[in-house]
Amino acid sequence: MYEFQYHRPASIDEAKKILADNDEAIILAGGMTMLPTMKLRLARPSDLVDLSAIDSLRGIRKDGKTIEIGAMTPHADVAGSSVVQSEIPALADLAGMIGDAQVRNRGTIGGSLSNSDPAADYPAAVLGLNAVIKTDTREIAADDFFKDLFETALGPNEIIQAVRFPKPKRAAYAKFPNPASRYAVVGVMIAETTDGIRAAVTGAGPCAFRATEIEAALAKDFSATALDGLTFDAGDLNDDLHASPEYRAHLVIVMAKRAVAAASV
Amino acid sequence: MSITVSFTLNGEPVSAEVDNHTLLVEMIRDQLGRTGTHIGCDTSQCGACVIHVDGRSVKSCTMLAVQAEGADVGTIEGVALNGKLHPMQEAFREYHGLQCGFCTPGMIMSALDLVQQNPDPSEQEIRQWLVGNLCRCTGYQNIVRAVRAGAQAMRS
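Thresholds, definitions, all that
- Residues numbered from 1 in each chain as written.
- Chains lettered and ligands numbered in written order.
- Predicted model: local features only at pLDDT ≥ 70, side-chain atom pairs only at ≥ 80, totals over all residues.
- Heavy atoms only, no water.
- Helix = DSSP H or I, 4+ residues; strand = E, 2+ residues; numbered from the N terminus.
- Rg over C-alpha atoms; globule rule 2.2 N^0.38 Å.
- Buried < 20%, exposed > 50% of the residue type's maximum accessible area, 1.4 Å probe, protein only.
- Contact = heavy atoms within 4.5 Å.
- Areas by Shrake-Rupley, 256 points an atom, 1.4 Å probe, with all protein chains shown as cover.
- Lys, Arg positive; Asp, Glu negative; His and termini not counted.
- Charge placed at Lys NZ, Arg CZ, Asp CG, Glu CD.
- Buried area = accessible area lost by both parts, 1.4 Å probe.
- Salt bridge = Lys/Arg side-chain N within 4 Å of Asp/Glu carboxyl O.
- Polar contact = N/O pair within 3.5 Å; in protein donor to acceptor, adjacent residues only side chain to side chain.

Asks: Got a minute to help me understand the overall build of chain B in this structure?
Replies: For chain B, the count of helices and strands is 5 helices and 5 strands. Relative to the compact-globule value of 15 Å for 156 residues, chain B shows a C-alpha radius of gyration of 15 Å, a close match. In terms of overall dimensions, chain B has C-alpha extents of about 45 × 30 × 25 Å along its principal axes. Classification of the 156 residues of chain B by burial places 51% in the buried group. Across chain B, the fraction of contacts at a sequence separation of at least 24, relative to all contacts at a separation of at least 6, is 55%. Here chain B has roughly 7100 Å² of accessible surface; of this, 47% comes from carbon and sulfur atoms. Here chain B contributes 11 positive and 16 negative side-chain charges, whose respective centroids are spaced 11 Å apart.

Following this line, the structure appears as structure tokens:
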């Protein structure tokens, strides 16, 4: 690892000041991607701004029909939360499928979303459940958040504070994990929300996206059989040693069917 | 730049001078001399370095020492009580849940975190929980048996 200055600010304002004063400063959330990246010397921040001492960024709150999760809340807390389990079980299930137990104990929802790894699970939850990302300056709709490979709508030094999930009528997440890393080769979140059916796909493309063909088919008939015969275009999908674009396209439909079946129970 | 990091290790206060980029596992092994925590892959995958920080299992190769400031840290050295093996350690011995033994400290620290959340884990739950702990000898069958037996012994 290259050398850096370490900061652990006690407030958002203090964190913002450190970020503003240092061009090459980077935020440290749970560190489950950041630290391995730095160990490989693929990142060389001048300063690390550790948000773990900012208590307001952590916790799960129910507010009417929405659940708000603080950016620094670890995956294990979301997976184990009785509130999330009862209000949005699909979200608790998804959080419990991320990485391994130790990653879930340190990794955070804010860190995962800011990083926007193409194979991360949380982007599918945020997009599929039509969540809102609350930063220190604004609120960003999930549909506007994911831009490209490791690229989001976040501006420089913008800090995610919380993510607000509206309670869906029903939802489920199905994932085909890479057996070694547990990252999603393909993961699909299917949700019936008050605004209609949403199908969000992770692992398949440069960043999470909605599969409108699947949404249209499910809007007519919310059943796994409604997706029989539907094919997904492999054109823009990822091609790597784990899976070809064609295989990923196939998995999108299979995972969507599994999610629909699970959501229908 | 060096900085003093202090935390509680197995119930005792410890501190050491480290660099900002010193990993927690390096501080524990090299500065504090507790070498029971192993470094297997150093890429967050194998789980040989699993320890407890504030009661949760974490991979100490993927945490900076400075992040542990003020924390309650537990390593394999703190598991046995008064010279007597912990029931989970005893179960690993009884069921031969180890071959070369390199992954064992991480397996046990991970298993203890599982049992504190789920006192009676099924075989499938144990296997799912241990996805982040690799055994290069592939001795998983007996590790899973040992964790089940250890959990049972801890309940009784």
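Asks: Looking at this structure, I do not really get the interface of chain A and chain B. What am I missing?
Replies: By a widely used convention, the size of an interface equals the accessible area lost when the partners come together. Taken together, the contact pairs 25 residues of chain A with 24 residues of chain B. Between chain A and chain B, the buried area comes to about 2100 Å², and carbon and sulfur atoms account for 53% of it. It is Lys39(A), Gln102(A) and Arg106(A) in chain A that bury the most area against chain B; as a group they hold 28% of the surface buried on that side. Counting every contact that joins chain A to chain B gives 3 salt bridges. Joining chain A to chain B, the criterion identifies 10 residue pairs in polar contact (both at pLDDT 80 or more). At the level of secondary structure, the elements contributing two or more residues to the side of chain A that touches chain B comprise strand E1 (5-7), helix H2 (34-39), strand E3 (47-50), helix H3 (75-80) and helix H6 (101-106) of chain A. It is H6(A) that provides the largest number of residues to the side of chain A that touches chain B, a total of 4 residues.

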